[in-house]
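# Structure assessment
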Amino acid sequence: MTVTVGDIGEFGLIGRIAKEAFTVPGEALGFQDDAALWRQGDGWLIATTDALVEDVDFRLNTFSWEDIGWKALASNLSDIAAMGGVPRGAFVTLCLPAGIEASDVTAFYKGMAPLAREAQTPILGGDLSSSKQIVVSITVLGEVESRERVLQRVTARVGDQIAVTGVLGSAAAGLVLLEEGQNENEDHAARYISAQRRPIPRLREGRTLLEAGVRCGMDISDGLVADLQKLCAASGVKAEVLLESIPTDPDLPLVFGDAFRLHAMSGGEDFELLFVAPPETMQRAQDHLQDNALEQVTVIGTIVAGQGGAITVRDERGNIVPLSHQGFDHFGAIGTPLADA
């Protein structure tokens with residue numbers, strides 16, 4: 001029987017690739033985390049690459065070229081933040097139809113430049129190629145202090161608390177508003193559309209979590225449920241999440257109605273940090289972030305024993321909440337089943 005990438009999905013495909021790819025145990029880490037690590041002399045380097053594709057990740061009728069530049073770099077910097085790394089430089093590959101105006105390309109880099117300066121991540125080079133549609137691929141290189149001082153997905157333990165930075169669901173709401181052709185005249189619409197077009201990578205938050213002793217985390221790009229599944233699967237544990245604890249913008253019901261928290265859990269591209277830690281470490285992380293005036297942290301659940309990758313979501317009465325949508329997969333696969341109990 002033929003198995004397609006649509007059958008196994010993005011992360012099933014990554015698992016197959018990882019079995020065939022060449023790696024050096026003890027000298028490099030890749031595939032299972034947001035970015036790759038490898039030893040370079042006495043230190044450890046970090047790298048990530050991510051692509052944005054026209055009509056998959058953005059549309060030219062809802063994104064400016066400046067927006068595309070910002071978001072392309074932000075999504076890569078978020079992968080560095082997800083491991084507590086420090087970015088040092090970026091390479092940009094642009095695949096473009098020949099009819100694209102040259103001023104659009106310069107606008108793309110103008111949109112990227114403010115974020116690059118803020119993150120102290122110079123654009124070091126890249127490549128140009130022709131294509132039938134716009135494809136942006138960025139690679140960001142950085143460093144971490146040591147192999148042990150990094151956020152990974154494999155270090156969650158039973159009894160750890162689960163937390164997220166910031167609020168969830170705003171980027172998903174922004175996408176809905178853009179697809180519906182709504183404008184940004186109202187404050188909440190402007191916030192949500194900005195969250196979709198120009199997300200903020202949590203670089204300082206990632207490093208602060210490391211300083212507080214957190215060692216397990218990732219970013220939220222495909223949605224809380226989908227990404228928490230990946231973390232739990234990597235660590236061989238299960239998660240219990242309380243629906244009412246999910247932090248959201250107060251106006252989110254204006255877009256999603258009474259089911260706003262369910263949409264916040266499955267909507268992607270928030271680029272907030274998802275992390276787990278023992279209660280005492282979690283409290284220290286909350287204190288450190290607050291002391292540095294960084295994003296708030298909300299504890300949303302607990303790591304428990306059970307099927308690796310399974311998630312149970314409960315309401316305030318303890319009843320299990322069914323989820324019809326778990327998050328984004330590039331090839332449309334459903335992913336790991338949610339736990340029934």
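See the structure above.
## Overview of helix 3 (residues 102-118)
In an α-helix, one turn spans 3.6 residues, which is why side chains three or four residues apart end up on the same side. Counted at 1.5 Å a residue, the expected span for helix 3 with its 17 residues is 24 Å, and the 26 Å between its end C-alpha atoms agrees. Maximum bend of helix 3: about 30°, positioned at M112, with proline P114 one to four residues after it. Within the span of helix 3, buried status applies to V105, A107, F108, G111, M112, L115 and A116. If you follow the buried residues of helix 3, they end up packed against helix 2 (65-81), strand 4 (86-96), strand 5 (123-130) and strand 6 (135-144). Just beyond helix 3, the residue with positive phi is Q120, at close to 50°.

## Quick notes on the pairing of strand 10 (residues 273-277)
A regular strand places its side chains so that they alternate between the two faces of the sheet. Along strand 10, five of the five residues are buried, which leaves the element largely enclosed by surrounding structure. Going residue by residue along strand 10, you find L273, F275 and A277 tucked away on one face and L274 and V276 tucked away on the opposite face as well. As paired elements, strand 7 (residues 161-165) and strand 10 share four bridges and run antiparallel to each other. From the neighbouring strand, A163 faces strand 10, where its bridge partner is F275. The pairing of strand 8 (residues 216-219) with strand 10 spans four bridges and is antiparallel. Its bridge partner lying in strand 10, D219 is registered against L273.

What counts and how
- Residues numbered from 1 in each chain as written.
- Predicted model: local features only at pLDDT ≥ 70, side-chain atom pairs only at ≥ 80, totals over all residues.
- Heavy atoms only, no water.
- Helix = DSSP H or I, 4+ residues; strand = E, 2+ residues; numbered from the N terminus.
- Expected span 1.5 Å × (residues − 1).
- Bend = angle between axes of the 7 residues up to and from the residue.
- Buried < 20%, exposed > 50% of the residue type's maximum accessible area, 1.4 Å probe, protein only.
- Contact = heavy atoms within 4.5 Å.
- Pairing = 2+ DSSP bridges.

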